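# Fold and contact review
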Amino acid sequence: ARIPAEVPSDISTFSSTGLRRLIYHAGVYPTEAVVSWDFHSQTTAQSKVTTPNTAVKTSRHASLKFSFKTLTFSDDTHQSASNSIPLLMLSLPHHVHALPKSVQLSSKRFDLTYNCIKGPMTPVVGSDWILDEPLMDLNFEATSSNHYIDPGVKQIILDQVKQDMTRVLPTDGENVYGYGKQVARLAQMVHIVYILSGSKGGDDDDTSNSLLEDGKKLLLFYLENFLTCEVADSLVFDTEMGGLVSTDGLADKTADFGNGR
């Protein structure tokens with residue numbers, strides 16, 4: 001284990017709970033894991049984890065369990081770590097809310113700080129990680145899609161979408177990855193106009209309805225080109241190995257960011 005840079009170099013091993021933990025668990029390491037899951041109902045009182053605040057409450061939960069197989073160093077040999085010193089690992093910030101508090105080490109019990117690009121990491125003790133996640137009832141459309149929108153703000157968004165619908169449009173000669181992303185971008189803009197056309201704000205919706213029709217026609221044009229193979233790079237079925245592959249990928253194994261055949 002590497003001591004984080006934030007820790008003073010003269011820190012005492014005896015005074016640091018983190019250093020003592022690292023030394024104690026240093027010989028145990030994971031080699032593989034078995035993943036299992038379970039769906040269940042759970043009331044707030046029964047919950048053993050702290051879940052993020054959500055607008056929609058639910059009693060439906062899913063538990064995802066990672067059971068790590070571990071080994072431990074003993075002189076020059078490797079022995080099974082079962083029934084011995086527990087495994088110590090670090091969890092990413094978005095894991096913390098789903099893990100039981102009982103397996104997480106507080107700053108008092110582990111006084112070192114590890115950071116990653118996602119934020120501070122939390123030490124977790126044990127060979128079993130059980131992440132409990134609430135299962136929300138979500139729809140494709142936002143439940144508040146018909147709420148009031150300031151007419152000025154609505155017009156600013158529509159004006160910007162109108163400009164963006166003329167920029168960075170798909171071209172028939174590009175690869176399927178770039179074409180797909182640009183079509184998806186166009187579809188997102190059409191969806192934005194669709195939501196705004198049903199919102200409250202302004203005296204009439206002629207502008208948004210006209211823009212919506214223009215966007216739908218544009219999206220239909222590019223989708224038809226792709227689905228009828230009127231583009232340079234399209235998706236085909238690989239009759240030898242199965243699955244979908246791009247025509248560029250069939251011709252060049254380095255295409256599609258190295259995913260060609």
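Note that the structure is predicted; figures quoted are calculated from it, not measured. (Residues numbered from 1 in each chain as written. Predicted model: local features only at pLDDT ≥ 70, side-chain atom pairs only at ≥ 80, totals over all residues. Heavy atoms only, no water.)

Let's shift gears to helix H3 (residues 151–164). Counted at 1.5 Å a residue, the expected span for H3 with its 14 residues is 20 Å, and the 20 Å between its end C-alpha atoms agrees. Within H3, the full set of buried residues consists of Lys154, Leu158, Val161 and Asp164. Relative to the axis of H3, the buried residues are bounded by an arc of 125° and lie together on one face. Seen from the buried face of H3, the exposed residues on the opposite side, beyond 90 degrees, are Ile156 and Lys162. Next to the buried residues of H3 lie helix H4 (176–197) and helix H5 (206–227). The N-terminus of H3 is capped by Asp150, whose side-chain oxygen sits 2.9 Å from the backbone nitrogen of Gly152. (Helix = DSSP H or I, 4+ residues; strand = E, 2+ residues; numbered from the N terminus. Expected span 1.5 Å × (residues − 1). Buried < 20%, exposed > 50% of the residue type's maximum accessible area, 1.4 Å probe, protein only. Arc of directions from axis to C-beta. Contact = heavy atoms within 4.5 Å. Polar contact = N/O pair within 3.5 Å; in protein donor to acceptor, adjacent residues only side chain to side chain.)

Pairing between sheet strands relies on hydrogen bonds along the backbone, with the strands arranged either parallel or antiparallel. As summarised here, the arrangement of the three strands in space is S4-S6-S5, forming an open sheet in which the pairing is antiparallel. A single partner strand is all that each edge strand has here, and the edge strands are strand S4 (88–91) and strand S5 (114–116). Within the sheet, the average angular offset between the axes of one strand and its neighbour, ignoring direction, is 45°. Here S5 runs beside strand S6 (residues 119–125); their pairing, made up of three bridges, is antiparallel. Residue pairing for S6: Cys116 is matched across the bridge by Gly119. Against the sheet, helix H1 (residues 17–25) touches S4, S5 and S6, its axis set at about 125° to S4. (Pairing = 2+ DSSP bridges. Axes fitted to C-alpha atoms, helices over the stretch in contact; angles between N-to-C directions.)

This paragraph deals with H5. Turn by turn, an α-helix covers 3.6 residues, leaving residues three or four places apart pointing in a common direction. Between its terminal C-alpha atoms H5 stretches 31 Å, which fits the 32 Å expected from 22 residues at 1.5 Å a residue. Along its buried surface, H5 packs onto H3 and H4. Following H5 by one or two positions, Cys229 adopts a phi angle in the positive range, close to 60°.

Along S6, five of the seven residues are buried, which leaves the element largely enclosed by surrounding structure. Relative to S6, S4 runs antiparallel, the two sharing four bridges. Bridging across to S6, Met89 finds its partner in Val124. Hairpin connection of S5 to S6: two residues between the antiparallel strands.

A contiguous nonpolar surface patch, about 450 Å² in accessible area, is contributed by Val35, Trp37, Phe39 and Leu64. Examining the composition of the nonpolar patch, we find that three residues originate from one element, strand S1 (residues 28–41), more than from any other. Structurally, Trp37 is set in strand S1. For Trp37, a relative accessible area of 61% corresponds to the exposed category. (Patch = residues over 30% accessible without salt bridge, like charges linked within 9 Å, V, L, I, M, F, W, Y side chains within 5 Å. Areas by Shrake-Rupley, 256 points an atom, 1.4 Å probe, with all protein chains shown as cover. Salt bridge = Lys/Arg side-chain N within 4 Å of Asp/Glu carboxyl O.)

With that settled, consider the packing of H4 against H5. Contact geometry for H4 and H5: axes closest at 9 Å, N-to-C directions at 155°. Taken together, the axes of H4 and H5 are roughly antiparallel relative to one another. The crossing of H4 and H5 is left-handed. Residues Val176, Tyr179, Val183, Leu186, Ala187, Val190, Val193, Tyr194 and Ser197 of H4 pack against Ser208, Asn209, Leu211, Leu212, Gly215, Lys216, Leu218, Leu219, Tyr222, Leu223, Asn225 and Phe226 of H5. In the contact of H4 with H5, the residues fall into 15 nonpolar, five polar and one charged. (Parallel < 35°, antiparallel > 145°, perpendicular 65-115°, else oblique. Left-handed = near helix turned anticlockwise from the far one by under 90°. Nonpolar A, V, L, I, M, F, W, Y, C, P; charged D, E, K, R; others polar.)

Functional significance is not addressed by these values, which are geometric in nature.
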